[in-house]
Structure formats: structure tokens, C-alpha cells
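Here are the chains, one letter per residue:
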Amino acid sequence: MKKNFIEELKWRRMLQDSMPGTEEQLAKELTKGYIGFDPTADSLGVGNLVQVMTLLHFQQAGHAPIALIGGATGMIGDPSGKSQERNLLDEELLLHNQACQKKQLERFLDFNCGSQSATIVNNYDWFKNFGFLDFIRDVGKRLTVNYMMAKDSVKNRISGDDREGMSFTEFTYQLIQGYDFYFLWKNHGVMLQMGGSDQWGNITTGTELIRRMDGGTAFALTTPLIKKADGTKFGKTEGGNIWLDPKRTSPYKFYQFWLNASDSDVENYIRIFTLKNQEEIDALEAEHRLDPGRRILQKSLAEDITVRVHSADDLRAAQAASEILFGKSTEEDLKNISEVDFLDIFEGVPKGVLSKSEFEAGLPIIEALVKPGFLPSNGEARRALQENSISINKAKVTLDTTLNVEHLLKGKYVLLQRGKKNYFVVTVE
RNA sequence: GGGGAGAUACUCAAGCGGCCAACGAGGACAGACUGUAAAUCUGUUGGUGUACACCUUCACAGGUUCGAAUCCUGUUCUCCCCA
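**Topic: the pattern of salt bridges**
Part 1 of the reasoning: All chains considered together, the criterion is met by 22 salt bridges.
Part 2 of the reasoning: The residue Glu339 makes a salt bridge to Lys412 at a minimum N-O spacing of 3.4 Å. Of this pair, Glu339 sits in helix 19 (residues 339-345) while Lys412 sits in the loop between strand 13 (402-403) and strand 14 (413-418), and the two are 73 residues apart along the sequence.
Part 3 of the reasoning: Measuring nitrogen to oxygen at the nearest pair gives 3.0 Å for the salt bridge that ties Glu358 to Lys371. Separated by 13 residues along the polypeptide, Glu358 in helix 20 (residues 356-360) and Lys371 in the loop between helix 21 (365-370) and helix 22 (378-386) bring together distant segments of the chain.
Part 4 of the reasoning: Residue class for Glu358 comes out partly exposed when judged on its relative accessible area of 22%.

**Quick word on the protein's contact with RNA strand B**
Part 1 of the reasoning: With respect to spatial proximity, 26 residues lie near RNA strand B, and among them Leu259, Arg295, Asn378, Arg382 and Arg383 are the closest.
Part 2 of the reasoning: The sugar and phosphate moieties of RNA strand B supply 56% of its atoms located within 4 Å of the protein.
Part 3 of the reasoning: For the surface near RNA strand B, the element with the highest residue contribution is helix 22, accounting for 5 residues.
Part 4 of the reasoning: Across the surface near RNA strand B, the residue classes tally to 3 nonpolar, 13 polar and 10 charged.

**A few points about the environment of Phe359**
Part 1 of the reasoning: With respect to the secondary-structure elements, Phe359 resides in helix 20.
Part 2 of the reasoning: We classify Phe359 as buried; its relative accessible area is 1%.
Part 3 of the reasoning: Between the C-alpha atoms of Phe359 and Lys394, which are 35 residues apart in sequence, the distance is 19 Å.
Part 4 of the reasoning: Discounting chain neighbours no more than four positions away, the residues touching Phe359 are Leu354, Leu403, Asn404, Val405, Leu408, Val414 and Val428.

**As for the environment of Ser250**
Part 1 of the reasoning: Here Ser250 shows up in the loop between strand 8 (240-241) and helix 13 (251-259).
Part 2 of the reasoning: Separated by 154 residues in the primary sequence, Ser250 and His96 place their C-alpha atoms 21 Å from one another.

**Regarding the nonpolar core**
In a soluble, globular protein the nonpolar side chains are often hidden away together inside.
Part 1 of the reasoning: Within the largest apolar cluster, 84 residues are counted, with the highest numbers of intra-cluster contacts made by Val46, Leu49, Tyr179, Trp258 and Phe273.
Part 2 of the reasoning: With sequence-adjacent residues up to four places away left out, Trp258 is seen in contact with Val46, Leu49, Phe234, Tyr269, Phe273, Gln298, Leu301, Ala302 and Ile305.
Part 3 of the reasoning: Formed by 23 residues, the second largest nonpolar core is a distinct cluster that contains Phe359, Leu408, Leu416 and Val428.

**Description of the sheet that holds strand 9 (residues 351-354)**
Part 1 of the reasoning: Taken in spatial order, the 5 strands line up as 9-15-14-11-12 in an open sheet, and their pairing is mixed. Every interior strand has two partners, whereas the edge strands, strand 9 and strand 12 (395-396), have only one.

**Quick look at unusual backbone geometry**
Part 1 of the reasoning: Here Arg13, not a glycine, exhibits a phi torsion of approximately 60°, which is positive.
Part 2 of the reasoning: Along the chain, Arg13 turns up in the loop between helix 1 (5-11) and strand 1 (17-18).
Part 3 of the reasoning: On the accessibility criterion, Arg13 (40% relative accessible area) is partly exposed.
Part 4 of the reasoning: Its identity is not glycine, yet Lys394 carries a phi of approximately 75°, on the positive side.
Part 5 of the reasoning: Locating Lys394 in the fold gives a position in the loop between strand 11 (390-392) and strand 12.

**Things to note about a positive patch on the surface**
Part 1 of the reasoning: A cluster of like positive charges, contributed by Arg295, Lys299, Lys396, Lys420 and Lys421, occupies part of the molecular surface.
Part 2 of the reasoning: Its place among the elements puts Arg295 in the loop between helix 15 (278-290) and helix 16 (296-309).

**Section: the packing of helix 16 against helix 17 (residues 312-326)**
Part 1 of the reasoning: Where helix 16 meets helix 17, the closest approach of the two axes is 7 Å, and the angle between their N-to-C directions is 135°. With respect to helix 17, the element helix 16 is oriented oblique. Both helix 16 and helix 17 take part in a crossing whose hand is right-handed. Along the contact surface, helix 16 presents Glu303, Thr306 and Val307, while helix 17 presents Ala312, Leu315 and Gln319.
Part 2 of the reasoning: Residue classes in the contact of helix 16 with helix 17 are distributed as 3 nonpolar, 2 polar and 1 charged.

**A look at the pairing of strand 5 (residues 190-196)**
Part 1 of the reasoning: Among the 7 residues in strand 5, 7 count as buried, and that is most of the element.
Part 2 of the reasoning: Relative to strand 5, strand 2 (residues 32-37) runs parallel, the two sharing 4 bridges. The partner of Lys32 across the bridge, within strand 5, is Val190.
Part 3 of the reasoning: Alignment of strand 5 against strand 6 (residues 219-223), held across 5 bridges, turns out to be parallel. In the strand pairing of strand 6, Met194 is matched with Leu221.
Part 4 of the reasoning: In this region the chain leaves strand 5, passes through helix 12 (residues 200-214) and returns to the parallel neighbour strand 6; the handedness of that crossover is right-handed.

**A word on helix 11 (residues 173-188)**
Part 1 of the reasoning: The first and last C-alpha atoms of helix 11 sit 22 Å apart over 16 residues, in line with the 22 Å expected at 1.5 Å per residue.
Part 2 of the reasoning: Among the 16 residues of helix 11, 13 are classified as buried, and the element is accordingly described as predominantly covered.
Part 3 of the reasoning: Positive backbone phi, at 65°, marks Gly189, one or two positions downstream of helix 11.

**A word on helix 3 (residues 46-60)**
Part 1 of the reasoning: Between its first and last C-alpha, helix 3 extends 21 Å over 15 residues, near the 21 Å set by a 1.5 Å rise per residue.
Part 2 of the reasoning: With 12 of 15 residues buried, helix 3 lies mostly within the body of the structure.
Part 3 of the reasoning: When helix 3 is considered as a whole, its buried residues turn out to be Val46, Leu49, Val50, Gln51, Val52, Met53, Thr54, Leu55, Leu56, His57, Phe58 and Gln59.
Part 4 of the reasoning: Two residues or fewer after helix 3 comes Gly62, characterised by a positive phi angle close to 95°.

About the criteria used
Sequence order sets the numbering: in each chain, residues are counted from 1 along the sequence as written. Lettering for chains starts from A, numbering for ligands starts from 1, and both go in the order in which the items are written. Restriction of local features to residues with pLDDT of at least 70 applies here, the model being predicted, together with a cutoff of 80 or more for giving and counting side-chain atom pairs; totals for whole chains, interfaces and linings are based on all residues. Computation of side-chain values covers all heavy atoms of the structure but excludes hydrogens and water. Note on definitions: salt bridges are taken to be side-chain nitrogens of Lys or Arg within 4 Å of carboxyl oxygens of Asp or Glu. Every helix listed is a DSSP run of H or I at least four residues long, and every strand listed is a run of E at least two residues long, numbered separately from the N terminus. Three exposure classes are used, based on accessible area relative to the maximum for each residue type with a 1.4 Å probe and protein chains only: buried under 20%, partly exposed in between, and exposed over 50%. Each residue is tested against the molecule or strand, and it is near if at least one of its non-hydrogen atoms lies within 4 Å. Gly is put with the polar residues, along with every residue not named as nonpolar or charged; the nonpolar set is Ala, Val, Leu, Ile, Met, Phe, Trp, Tyr, Cys and Pro, and the charged set is Asp, Glu, Lys and Arg. Two residues form a contact once any of their heavy atoms are found within 4.5 Å. Put simply, a nonpolar core is a bunch of buried Ala, Val, Leu, Ile, Met, Phe, Trp, Tyr and Cys residues held in one set by side-chain atoms that sit within 4.5 Å of each other. Two strands qualify as a pair provided that DSSP identifies no fewer than 2 bridges between them. Candidates for patches are residues over 30% relative accessible area with no salt bridge; among them, like charges are joined within 9 Å and nonpolar side chains (Val, Leu, Ile, Met, Phe, Trp, Tyr) within 5 Å. Note on areas: Shrake-Rupley, 1.4 Å probe, and residue coverage restricted to the protein chains presented here. Positive: Lys, Arg. Negative: Asp, Glu. His and the chain ends are not part of the count. Every charge is mapped to an atom, namely NZ of Lys, CZ of Arg, CG of Asp or CD of Glu. Lines are fitted to the C-alpha atoms to define the axes, a helix being fitted only along its stretch in contact, and any angle between axes, read from their N-to-C directions, falls within 0 to 180 degrees. Orientation labels follow simple angle bins: below 35 degrees gives roughly parallel, above 145 gives roughly antiparallel, 65 to 115 gives roughly perpendicular, and whatever is left gives oblique. Helix crossings are classified by the rotation of the near helix relative to the far one: an anticlockwise turn of less than a right angle makes the crossing left-handed, while a clockwise turn makes it right-handed. For a crossover, the right-handed case is the one in which the path from the first strand over the helix to the second runs clockwise, viewed with the strands pointing away from the viewer. By this rule, a helix spans an expected 1.5 Å times one less than how many residues it contains.

Structure representation (C-alpha cells):
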């Protein structure tokens, strides 16, 4: 039985807004719908995952999803939600990024299931030979500047307190994106564009163009922007973005990111980022409330999504690593694991080197912290020690500690740690 | 082109010529408490030595002074108003 797309999004809290008639259109026939992705990086981030999941639900509801890679629009930069002009990207980089993102999308969407198969298009294909004069004549003529100025993305940039002004290039962005929709509608029969709620203005420019150029009808649907309870931006940590690419964000960090979701956020996340159905989620939430400390929801969220994005093996490794790093493990446990496991667990952890000779002579703790590059200065190291925040091989140490060969794990590693979460592996050679 | 305001550490933002490594707020980090949370409390937040010390910092370059983030000159940049 096919799911009802709109209903599905609603209970998952993924529906912000849709144009009248959208639901009827979807009920009527197999519909093609698309979402645009920005190829500004060679990997999608967790922020993009909302859109990926939207496409996945769309496909599961019996429709055909299209991912549009914004090769052309990426060169311009979407002004929505930004107060500063974007740096432009060159063509070669865009193509590389696009190829990488495509691979990631393939992990979610089914690209080979007949009429519902997912497809990927690149708007660079139809823009690269579209001349400027042709464009302003055929497209630019259709919309008034007044209409374009009324969009929030533009208004915020030319008025408002922290306005920065905006270049003509960015001003035309909505026309380019609008034309994408027209092009897909005209040539591929695409009836629906979806996106985050910040895209509403750009999407409706598309439906407006379709109406004015060909008198056609098309639909729009947006998902809410994910907000965290503390008001900070979703998908970013102090360390930067959380990416799907394991080379950028290790599966361990990825797992930890979800596991660390706050109680107030996780109820949204589990609806949005997993395919668990309503009953499963209700049951998990009930269990979670009985004992929030066990973090049932966070765990099942993190497991589900880590397996989907990475693999079951990566999940196991991440869990094992978490157990060692955060569980009640001791120096004994560290000594007992194999070298392979050790390296595996600390794969994503920063590393440094010390020479064997100075180690054998006995190394004052401060030097051991600073020399390999774990802490930036002696003062910092001293402070950290006074705070009682430094551990060697999971055991707290004090200022007067001296490191020697007895501290070595497997004969050549030392695990430095500041606080609960900051680890550093020193290799002695 | 004319006039005005400004440039201080991660960010915002105080700073009578000496008591300024520089108030305060936010952020970040750590400790206690916890659930690897939230909230709360506490501490830290230029470098070296740790004791009062010394060194490098308040856009840049000079100058005045026993002494300058603080005064003067020039340079660069930013913002605002008028044309």
C-alpha cells in the first residue's frame, strides 16, 4: 500500500506549507517532483538530509523524485538566509562536488524501479548555452522587478538593520531557479518543487514563471527549517559541519552527533530522519519517558541513521569506540584491547608523535601535553592540570606526574585526554 | 567631491596619560552535579616563568612624554550624512 505523501510529512512534522491543489495532484497520478541541492561542497551535510528524506518519502508514496544539482545556481549563490555575498565557484570544482553528492544520494533513493526511479539532473546543462540576451528576453521579461523585490530574500538584503546590499548576480538568482522549474515542467513534466521553507520565495517564482510563460500549473511544498531547542543552527558543531562523507566526518563523530541530540530535539529528529512508523516511535517515546537517562530515542536515532548513511559495521565500530571512550572503561581495558581495535577506535582522534628516547628518560606531564601538539602552550597545560581535567590512559593525573615507559600502551601509544570528550593519541617512536 | 563617526583580544563592547594583559557580556574550555544531556553553581580564557617578575599585544607607521590603548601627525580600511 502506498503512503499518502502529505499525511506522511504531516505526522513527521516535515510539512511547512504547500500550494493549494498539491495534495489533489499527488492523489491523481504519479507525479514528478524535485528538490535542488547546492554543490558548494563535495559532500552533503546532515542539513541536506531533511531534503533527502523528503524525496525518499515522496518516492515511497508512489511518485518519482528528482534531485537537481545546482551546477548553475551554485555559481551564483542563493541569497536566502544570507547577509553576505557568496564566493563564486568554478566549473571544475562544481562538477567534482556534483559527482560526490550523487553517490551519497544513491544510498537513499532507488534509481532503478521503473517509472518511479529517482533521477538526477543538473541545471548547468540547460544554462551553459543559454545566452544572456536570450535569457533576459525570454525569462526576464516575464517578471517585474517589483515582484522580485517583494521576496523576503531580497527585501532583507536591501533594507533591514544588518543589510549588506546585494549584487545584481544574486538578485537574478530567483530567476535562474525559477527557470529551472519551468524547464523541468516543460521538458520533463515535473509538477512539484519541494524544499526548505526558506526556498518558498524561489519556488513560487518558478510556479509564477510557468503560469506566465505557458499558462501552466505547478505546485510547491516546503519543509520546516530544523531548529534546535537552544537556538543554534542544526547540523553544525563547534568543529564545523556534520557531513555524510566519512572522510570529512568520521562515522564515530557522526554517530556521536545524533547521540548527543537533546531531549527536546530528538523527538523531531527521529520522525524526520528515520523511517520508523508512528507506532514504533510512540513506543520508543513512551519508553524514553520512563527513563530519559537511558536515551532510548537518541540511541535508536543514531543507530538507524548511522547504518543508513554509513554501514552496520561502521555503527558497531562507533558504538565500540563510544563504549571505550565514555563507558566506565579503565586503563586495564585499554591495555586489553588489540592494537587494531585501538587504532580503529581512535581513528578520528587527533594524533601526535614523541620520540622514544625522551620518553624513556621520563617526560614531565606538561611537555607531554604540549610537545605533540595537544595543547597550545605550557600555560594552557598548567591550567588544564590545575582544573584536574587531564587524564592519561583514562586515569586522572596531576602536575607532578612524569611519563615513562610504563604509560605506554602496546609499547608505543599514550592516550591523552582533557575533560570528557577531547582525546589525543601520542605515538612514541 | 564636502562633512561626520569609527577601527580594542573568538564576537560584542568599556577604557581620567601612569593603579591596563586591558571592565563587562556572550561564546568557548574545564570542574561539581548529571544521562557523553538540559538547567544551575564554580573556575579558566596573550606568552614565558609561576612569587611580587618579564615579554608581545588595543588597525598600520612615526612622534610628544620619565611613562600612551589613552595626546599629536601621516597611512589604510569601515560606516553615516550632504552633493
